[in-house]
Amino acid sequence: MIQKIGKHLMKGIAVLGVLLMGLGFYVGAGPDAGLWCFLGGLLLIVICAISSRELRKFVRSLLDAL
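Residues numbered from 1 in each chain as written. Predicted model: local features only at pLDDT ≥ 70, side-chain atom pairs only at ≥ 80, totals over all residues. Heavy atoms only, no water.

## Focus on the overall build of the protein
Along the protein, the regular secondary structure elements total three helices and zero strands. Every one of the 66 residues in the protein was classed for burial, and the buried ones make up 21%. At a minimum sequence separation of 6, the contacts of the protein that also span at least 24 residues come to 60%. For the protein, the computed accessible surface area is about 4,800 Å², with 72% contributed by carbon and sulfur atoms. (Helix = DSSP H or I, 4+ residues; strand = E, 2+ residues; numbered from the N terminus. Buried < 20%, exposed > 50% of the residue type's maximum accessible area, 1.4 Å probe, protein only. Contact = heavy atoms within 4.5 Å. Areas by Shrake-Rupley, 256 points an atom, 1.4 Å probe, with all protein chains shown as cover.)

## What to know about a nonpolar patch on the surface
A cluster of nonpolar side chains, contributed by L35, W36, L39, L42, V46 and I50, occupies part of the molecular surface with about 600 Å² of accessible area. Examined against the element boundaries, L35 turns out to sit in helix α2 (residues 32-51). L35 sits in the partly exposed class, given a relative accessible area of 46%. (Patch = residues over 30% accessible without salt bridge, like charges linked within 9 Å, V, L, I, M, F, W, Y side chains within 5 Å. Salt bridge = Lys/Arg side-chain N within 4 Å of Asp/Glu carboxyl O.)

## Digging into the environment of A14
Tracing the chain through its elements places A14 in helix α1 (residues 2-27). Classification of A14 by relative accessible area gives buried; the value is 0%. Spatially, the C-alpha atoms of A14 and L62 are 8.3 Å apart, while their sequence positions differ by 48 residues. Those residues in contact with A14, other than ones at most four positions away along the chain, are I45, C48, F58, V59 and L62.

## Here's the deal with α2
The terminal C-alpha atoms of α2 lie 29 Å apart, and with 20 residues this matches the ideal 28 Å at 1.5 Å per residue to within 8%. For α2, the full list of buried residues reads G34, C37, G41, I45, C48 and A49. Within α2, the buried residues cover an arc of 100 degrees as seen down the axis, which keeps them to one side. Of the exposed residues in α2, those oriented more than 90 degrees away from the buried face are D32, W36, L43 and I50. (Expected span 1.5 Å × (residues − 1). Arc of directions from axis to C-beta.)

This is the structure in structure tokens:
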């Protein structure tokens, strides 16, 4: 049960990371906030992708949608 909650939590973190990356793309290169949003989202995605193969496939599908 705890593992199931952890998977859902990591999927939520991956979605948050993709949203932050999208926000960083939207804000653009002008203000520094866009860069920090993009880098923060990238860090979250890398953490999720490293944790398991299933999450790696999930992150890949999210990035394809972006």
